[in-house]
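Structural overview
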Amino acid sequence: MCLQLHRRWKIPTYIKDFQLVKDISTQNESSKRRSVVIVGAGQAGLSVAHALQLQGLKPLVLEKHRVAYAWDQQRWDSFCLVTPNWQCRLPDFPYDGDQPDGFMAKKSIVNYLQRFAQQVNADLREGVAVERLTPIGNGYRLITTEGVIDAEHVIVATGGYHIPRRHPYAQRLPTSLQQIDARSYRNPDAFPEGPVLVVGNGQSGSQIAEDLHLAGRSVHLSVGRAPRSPRRYRGKDVVDWLDRMGYYAMPISDHSDPRTVRSKTNHYLTGRDGGREIDLRRRAMEGMQLHGRLSSITGDHIGFADDLAANLDQADAVYCRIRSSIDSWIENEGIAAPIEPAYSPCWQPPHVNDPGIDLNTKPLAAVIWCTGYRSDFSWIDAPVFDGSGLPAHDRGVTQSAGLYFIGLPWLHTWGSGRFCGVSEDARYLARVISLRLQRSDASQERLECTAILGS
């Protein structure tokens, strides 16, 4: 546009020289700024970096640790995905191994993500932590461990599970008793002899309790209201059926209560041994000691609520509802699939009050807290939070212009925080940012041309 004006009105040479000096000054100044900065280089951060590069943008990616750090350092040794490998479909980088129906183990997950990082080939700085993010005139200032960076657009890709939660009574346990959180658990040999108490039976708690149990350890499991899922049903993995049914592509806006959906505990099952269900009732028959929710702790005793039977029944009810929804879909679609017998529980808790655990007569070797995580975005000064510490957003776009989130649970769909759904979220944010930058550039060009004509 400015070039056309120059040709039409023959802008004097001194104005052209002034503009050249201005352009050089602007270029030098812009070297201290970035158009887009991504905080976090997990699957979400790398996916949006890839999507932005396809839009012709070159974001800076800052990673506090290193690529795949959480998968490598915050998972136990026998950890594996609970979703089949074919669901690992990062943008332009789907699973390419020979076991699409298998479940990647920890080392394979780390390798997959590291190879993806190499393909993305983003401007990545590992070992750089962002300590503060503050709005400035036309963007944001990031205070990092390696200095200050200003950016017009910032994408927060640090996930939503930051700080482990423990029961408030945890501090009442004897200081001599070892306590760790799920992300610090590695293997059954890490503890001295004696029984281990696992508190919480969500996805991590149930799998860790199984890991200990299968290694021959004596295990106490405090069972809450976590739901469980079938593994295979009517000839297919349940994930396959739910994918065909469109469950994983359903936007959170289609749910009647989005806030409740975001806070729901993940269904427990496992990809171990080729993938199978976790039936806590069967484990109880084998010797795992199940209890209700933790209710009290004194110096020598741990007590549990009398709700074990109700909690197991609720988990089974969810299990049966999933099977029933698959039955209905198969019937509606006219699909031929083998029939399976109705579920029948194999064990019931004894009808006696749970005596709890006497720490004097049966001292524990350790307590593993698998009671979830909370988000920590305290380093972000922008007014984008909903009062509970969670960002308010629409598909990751906040009301603070230029600030975005990606990789959160149910950001848009069930798969938003997973390998299967983050790609679509990344493409969406990349398109939004690209369009905003184009509009910004056009507005700046109009302002500069107006200034030239006015001088």
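Residues numbered from 1 in each chain as written. Predicted model: local features only at pLDDT ≥ 70, side-chain atom pairs only at ≥ 80, totals over all residues. Heavy atoms only, no water.

**Things to note about the overall build of the protein chain**
When you go through the protein chain residue by residue, the secondary structure sums to 11 helices and 21 strands. Per-residue burial for the protein chain yields a buried fraction of 47% across its 455 residues. Taking as baseline every contact in the protein chain between residues at least 6 positions apart, the subset at least 24 positions apart corresponds to 71%. Summing over all exposed atoms, the protein chain offers an accessible surface of approximately 22700 Å²; the carbon and sulfur share of this is 49%. (Helix = DSSP H or I, 4+ residues; strand = E, 2+ residues; numbered from the N terminus. Buried < 20%, exposed > 50% of the residue type's maximum accessible area, 1.4 Å probe, protein only. Contact = heavy atoms within 4.5 Å. Areas by Shrake-Rupley, 256 points an atom, 1.4 Å probe, with all protein chains shown as cover.)

**Focus: the pairing of strand β2 (residues 60-63)**
Regular strands show a simple pattern: their side chains alternate between the two faces of the sheet. Where burial is concerned, the two faces of β2 agree: the one with L60 and L62 and the one with V61 and E63 are both buried. Here strand β1 (residues 33-39) runs beside β2; their pairing, made up of 3 bridges, is parallel. Paired with I38 across the two strands is V61, which belongs to β2. In this fold, β1 hands off to helix α3 (residues 43-54), which returns the chain to β2; that crossover is right-handed. Alignment of β2 against strand β5 (residues 123-126), held across 4 bridges, turns out to be parallel. Across the sheet, the residue bridging to L60 is D123, located in β5. (Pairing = 2+ DSSP bridges. Right-handed = clockwise from strand over helix to strand, strands pointing away.)

**Regarding the nonpolar core**
Of all hydrophobic cores here, the largest spans 92 residues; its most connected members are I155, L290, I368, L403 and I406. Counting 17 residues, the second-largest nonpolar core is a separate cluster that includes Y233, I252, I322 and W329. (Core = buried A, V, L, I, M, F, W, Y, C linked by side-chain atoms within 4.5 Å.)

**A few points about the sheet that holds strand β17 (residues 301-304)**
Pairing between the strands of a sheet is mediated by backbone hydrogen bonds and can be parallel or antiparallel. Overall, antiparallel pairing links the 3 strands, which are arranged β16-β17-β18 in an open sheet. With partners counted over all chains shown, the strands left at the sheet margins are β16 (294-297) and β18 (357-358), one partner each. In the sheet, β17 pairs with β18 via 2 bridges, with the strands oriented antiparallel. Note that in β18 the partner of I302 across the bridge is I357.

**Overview of the pattern of salt bridges**
In the structure shown here, the tally under the stated rule is 23 salt bridges. E210 serves as the salt-bridge partner of R276, at 3.0 Å between the closest nitrogen and oxygen. Residue R276 is located in the loop between α8 (258-263) and α9 (280-285), and its partner E210 is located in helix α6 (residues 203-214); the two are separated by 66 residues in the primary sequence. R276 serves as the salt-bridge partner of D273, at 3.2 Å between the closest nitrogen and oxygen. Classification of R276 as buried rests on a relative accessible area of 18%. (Salt bridge = Lys/Arg side-chain N within 4 Å of Asp/Glu carboxyl O.)

**Quick notes on the confidence of the model for the protein chain**
Confidence in the prediction for the protein chain averages 90 pLDDT; 90% of positions are at 70 or higher. Segment residues 1-31 is flagged for pLDDT under 50; beyond a separation of four residues in sequence, or across chains, it makes 19 contacts in the model. (pLDDT = per-residue confidence, 0-100.)

**Here we look at the environment of Q179**
As for its placement among the helices and strands, Q179 is situated in strand β10 (residues 178-181). Along the chain, Q179 and I368 lie 189 residues apart, while their C-alpha atoms are 5.9 Å from each other. In contact with Q179, other than residues within four places in its own chain, are R166, A170, L173, V367 and W369. Engagement of the side chain of Q179 in a polar contact is seen with the backbone oxygen of A170, the distance being 3.4 Å. (Polar contact = N/O pair within 3.5 Å; in protein donor to acceptor, adjacent residues only side chain to side chain.)

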